[in-house]
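Here is how the chains run, residue by residue.
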Amino acid sequence: MSAPPAPSSPSVLSPAGMEAAALSELSWVLFIGAAVIFVGVMVLLGWTLRRGPRRAVPNAWWVVGGGLVFPVTVLSALLLYSTARTAGLERTLAQPPLVVTVTGRLWWWEVRYRDPAGGPDVVLANELRLPVGRATQLGLTADELIHSLWVPELGGKRDLVPGRVNHLVVTPRRAGVFRGQCAEYCGLQHAKMALHVVALPQAEFESWLARQARPASTTPPAQPAAAEATLAARGRAAFVAQGCAACHSVRGHAEGAPRGPDLTHVGGRLYLGAGALPNEAGAFKRWLVGVQDIKPGARMPDYAHLDAATLDALAAYLEQLR
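Residues numbered from 1 in each chain as written. Predicted model: local features only at pLDDT ≥ 70, side-chain atom pairs only at ≥ 80, totals over all residues. Heavy atoms only, no water.

Engineer: How would you explain empty space enclosed by the protein if you had to name every residue and give the values?
Structural biologist: The tally for this structure, following the rule as stated, stands at 1 cavity of 30 Å³ or more. Here the largest cavity is characterised by a volume of approximately 70 Å³. Lining the largest cavity, in full, are Leu128, Leu130, Leu138, Leu149, Val151, Leu154, Gly155, Gly156, Leu168, Val170 and Val197. Of all the elements in the fold, those that place two or more residues in the lining of the largest cavity are strand 4 (127-131) and strand 8 (166-170). Within the lining of the largest cavity, the residues separate by chemical class into 9 nonpolar, 2 polar and no charged. (1 Å grid on protein atoms, 1.4 Å probe; cavity = no way out; pocket = protein on both sides within 12 Å on 5 of 7 lines; lining within 4 Å. Points joined across faces, edges and corners; volume = space filled by probe spheres on them. Helix = DSSP H or I, 4+ residues; strand = E, 2+ residues; numbered from the N terminus. Nonpolar A, V, L, I, M, F, W, Y, C, P; charged D, E, K, R; others polar.)

Right under this line is the structure:
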């Protein structure tokens, strides 16, 4: 497996979505306006110092104009502009073309796509794929404590609160991989709680979502060699024997409890452990052996006690779940 594509550097100043473009424009207005005011204040300061010390009663026009009229005028204009420019960004779409629920957990993201045909939700973890040029309504919630999702290139920050569903609409304008992050401190692994957003062309997205809706395949898309197929079959048996289904589900193979991420198509994801480890060659074995070294405090224990043959088989099985 080759290394996953690197996400672009998160920046509100390089928008890749319609909503982020409005926020970027507003940011530039603030930056430029603050710079102009700063330069003006420095000019007045230099002029005052050049005049030298004087014992004069402050001019009332300066006090009223500079201390009251000017800030009220500037802040009122900014309020009107920002309200008009960001109008509609928090809209709730009456008939959204795509609805996705994102649940913040310790310390990973559960992602659920609503089936427009009325079937069961399509469940995956730590990766959000969206169609380019199509508005998506995200329903954001949390299970135990407050998280916050922020993908700077696609939109603003929004909190995920237990027992409540907040909404965020994003509309990617170009394809790419964008790193999102939990932006509300949530404990030991807050910094390693990334959500990678992959924007795809519409047709490619629909094909991907159709594959995600299917149960796990017994073989990867490319027919494996006999030895690899046997190794993966042993890994599937080890997955059941080791009780992995107590926390994880692999639809069609082992229906488990929803305590941990759904692993039905985990082999096709870009990263493991909510961005903690790139999903490249050997990544699954590294994760199984060193979970607590890679992501200390994660609720999954290390499996370094397993023999090498079992670890190789488990890794081969997980890699072919695409």
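Engineer: How would you summarise helix 5 (residues 283-294) if you had to cite specific residues and measurements?
Structural biologist: Counted at 1.5 Å a residue, the expected span for helix 5 with its 12 residues is 16 Å, but the 11 Å between its end C-alpha atoms falls short. Within helix 5, burial applies to Ala283, Phe284, Trp287, Leu288, Gly290, Val291 and Ile294. Those residues of helix 5 hidden inside the fold are in contact with strand 11 (271-272), strand 12 (277-278) and helix 6 (308-319). (Expected span 1.5 Å × (residues − 1). Buried < 20%, exposed > 50% of the residue type's maximum accessible area, 1.4 Å probe, protein only. Contact = heavy atoms within 4.5 Å.)

Engineer: Which residues make up the environment of Leu23, and what values go with them?
Structural biologist: Here Leu23 is to be found in helix 1 (residues 18-51). On the accessibility criterion, Leu23 (24% relative accessible area) is partly exposed. As a C-alpha pair, Leu23 and Glu153 span 130 residues in sequence and 9.6 Å in three-dimensional space.

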